[in-house]
Amino acid sequence: MLPLEGIKVLDVSQIMAGPYCTMVLGDMGAEVVKVEKANGGDDSRQMGPYVNDESTCFAQINRNKKSISLNLKNESGREIFYRLAREADVVVENYRPGVTRSLGIDYESLKKLNPGIIYCSISGYGQTGPYHRKGGFDLVAQGLSGLMSMTGEPGRRPLKTGVAVYDIGAGITAIYSILAAYIHRQKTGEGQHLDVSIAECGLPWFTWEAAAYFAEGRVPSATGWRHRVSAPYQAMRVRDGYMVLGCANQRTWERFCSEVIERPDLLEDPRFLTNLDRGTNVEALEEVLEGILADHDRAFWLQRCDQAGVPAGPINDFDQAMHDEHYLARGMVQEMDHPVMGRMKTIGFPTKFSATPLEIRMPAPLLAQHTDEVLQDLGMSDAEIDELRRQGGVC
């Protein structure tokens, strides 16, 4: 059995945060039925690049799901949703606050049908508060939370992260919240509403920054390639490019000087005696170290760091990362067969379960691919399904 086998999830979300959450639940064995709108389905289906007219963006984040297309503004389509909700354990939606109520599929409506339902709402700013009716976007959340003020080089234009870290973070927050609520329901039989905000999900990650701010009022700013506390803990230029070097404590710094660059004299330099000293004099430290590191290529220094037990690594582009021998050996690049795109690669599972290893059971579905199958599982006959289509409830 897979870890979440037997759990039924209704996915009424689209684009990234919600679909990432339900993809992981599906990866872990949950039966995920993705409820898509009839006119085009999940909006990410219109996002390229495409292979044989199918969106690769949609395909990457919607594996291990079934697709059914319902018209939730139609009474017959909404009734089908209610029937699915009666049997579901979890509902995940990411409409703006108030939309599900207008459709009649909000938590209070579904709770009357299924008191044990776990209903997770993912929105830009949450269901309450002065911003709750605004649309939420990863970029805006990065700016609002202060993240962009800490990203990039000092005195330069603020930078966003290279990936939609808040969208994915909201999906991850939703996952662990759903699992906690499911454990609570196992104990009490009680379902509940989970209110996940994209704008809030990343704030708890600022632990070091919050420590300095709440204790001393120190406002964190951009540090570029450097670390806020430790030095050298940053990108370093070598003869053929850059590498990352992590001397996060005194013992590692001593090994680096003595065994890697063979400059024990630096341990006596008053500018670099302690981590605080090195952080205060980080520009001078960089100048000295990069002058030494310029003598050899990255591979030479990485080998020496490995031998000395000093944390260091390459700065890969994504192509290099996807061909890294460690990621390949750990199964972080998987393959699956898509009915239209053919054989395709996807990112694997970061957690390795010893008793319940995860697997890609299904590729991302075509729009409404499983409508008849899902309706038949509800006990509907072909004639009833045809009538439902005639009424405009499904496509």
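Residues numbered from 1 in each chain as written. Predicted model: local features only at pLDDT ≥ 70, side-chain atom pairs only at ≥ 80, totals over all residues. Heavy atoms only, no water.

(A) Geometry of the overall build of the protein chain. Scanning the protein chain for helices and strands turns up 18 helices and 13 strands. Summarising its shape, the C-alpha atoms of the protein chain cover approximately 85 × 45 × 40 Å along the three principal directions. Taking as baseline every contact in the protein chain between residues at least 6 positions apart, the subset at least 24 positions apart corresponds to 67%. (Helix = DSSP H or I, 4+ residues; strand = E, 2+ residues; numbered from the N terminus. Contact = heavy atoms within 4.5 Å.)

(B) Up close: the pattern of salt bridges. Per the counting criterion, the structure on display carries 24 salt bridges. Residue R271 pairs with D269 through a salt bridge whose shortest N-O separation is 2.9 Å. For D269, a relative accessible area of 15% corresponds to the buried category. Connected via shared salt-bridge partners are D11, K34, D42 and K65. (Salt bridge = Lys/Arg side-chain N within 4 Å of Asp/Glu carboxyl O. Buried < 20%, exposed > 50% of the residue type's maximum accessible area, 1.4 Å probe, protein only.)

(C) View of the pairing of strand β5 (residues 66–69). Residue alternation in β5 divides its side chains into two sets, K66 and I68 and S67 and S69, and both sets are buried. As judged from the four bridges shared by strand β2 (residues 31–36) and β5, these two strands associate in the parallel manner. In the strand pairing of β5, V33 is matched with K66. (Pairing = 2+ DSSP bridges.)

(D) Spotlight on the side chain of E36. Considering the arrangement of structural elements, one finds E36 in strand β2. If we ignore the near neighbours within four places in the chain, the residues touching E36 are G41, D42, R45, F58, S67, I68, S69, L70 and L367.

(E) Broad picture of the sheet that holds strand β10 (residues 241–246). Spatially, the three strands line up as an open sheet ordered β9-β10-β11, and their pairing is antiparallel. Looking at the sheet topology across the chains shown, the edges are occupied by β9 (233–238) and β11 (312–314). Mean inter-strand twist for the sheet, computed between neighbouring axes without regard to direction, equals 30°. Relative to β10, β9 is paired through six bridges, and the arrangement is antiparallel. Note on β10: the bridge partner recorded for M236 is M243. (Axes fitted to C-alpha atoms, helices over the stretch in contact; angles between N-to-C directions.)

(F) Molecular detail of the packing of aromatic side chains. A complete count under the given rule lists six aromatic pairs for this structure. The interplanar angle of 75° and the centroid separation of 5.5 Å between the aromatic rings of Y125 and Y131 together place this pair among those described as edge-to-face. Among the residues examined, Y131 registers a relative accessible area of 37% and is labelled partly exposed. We note R45 situated over the ring of F58; from NZ or CZ to the ring centre the distance is 3.7 Å. For K134, the ring lying beneath its charged end belongs to Y131, and the centroid distance is 4.5 Å. (Phe/Tyr/Trp six-rings, centres within 6.5 Å; stacked < 30°, edge-to-face > 60°. Lys NZ or Arg CZ within 6 Å of the ring centre and 35° of its normal.)

(G) Here's a closer look at the nonpolar core. The biggest cluster of nonpolar side chains holds 36 residues, and the ones touching the most others in it are V9, L25, V92, C120, I122 and I178. Per element, the largest residue contribution to this core is six residues, and it comes from helix α8 (residues 165–188). Setting aside its immediate chain neighbours within four residues, C120 contacts V91, V92, E93, A174, I178, L194 and V196. With 27 residues, the next largest nonpolar core counts L72, I80, L103 and V394 among its residues. (Core = buried A, V, L, I, M, F, W, Y, C linked by side-chain atoms within 4.5 Å.)

(H) Looking closely at the sheet that holds strand β8 (residues 192–197). Taken together, six strands build an open sheet; the order of strands is β5-β2-β1-β6-β7-β8 and the sheet is parallel. Strands at the two margins of the open sheet, each flanked by one partner only, are β5 and β8. Strand-to-strand twist across the sheet, computed as the mean angle between neighbouring axes with direction ignored, equals 20°. Strand direction decides the pairing type here: strand β7 (residues 118–123) and β8, joined by six bridges, are parallel. Within the sheet, the bridge partner assigned to S121 lies in β8 and is D195. Sheet strands in contact with helix α1 (residues 17–27) are β1 (8–12), β2, β6 (90–93) and β7, and its direction is about 160° off that of β1. Here helix α3 (residues 75–87) sits on the sheet and contacts β1, β2 and β5; the angle it forms with β1, its principal contact strand, is near 145°.

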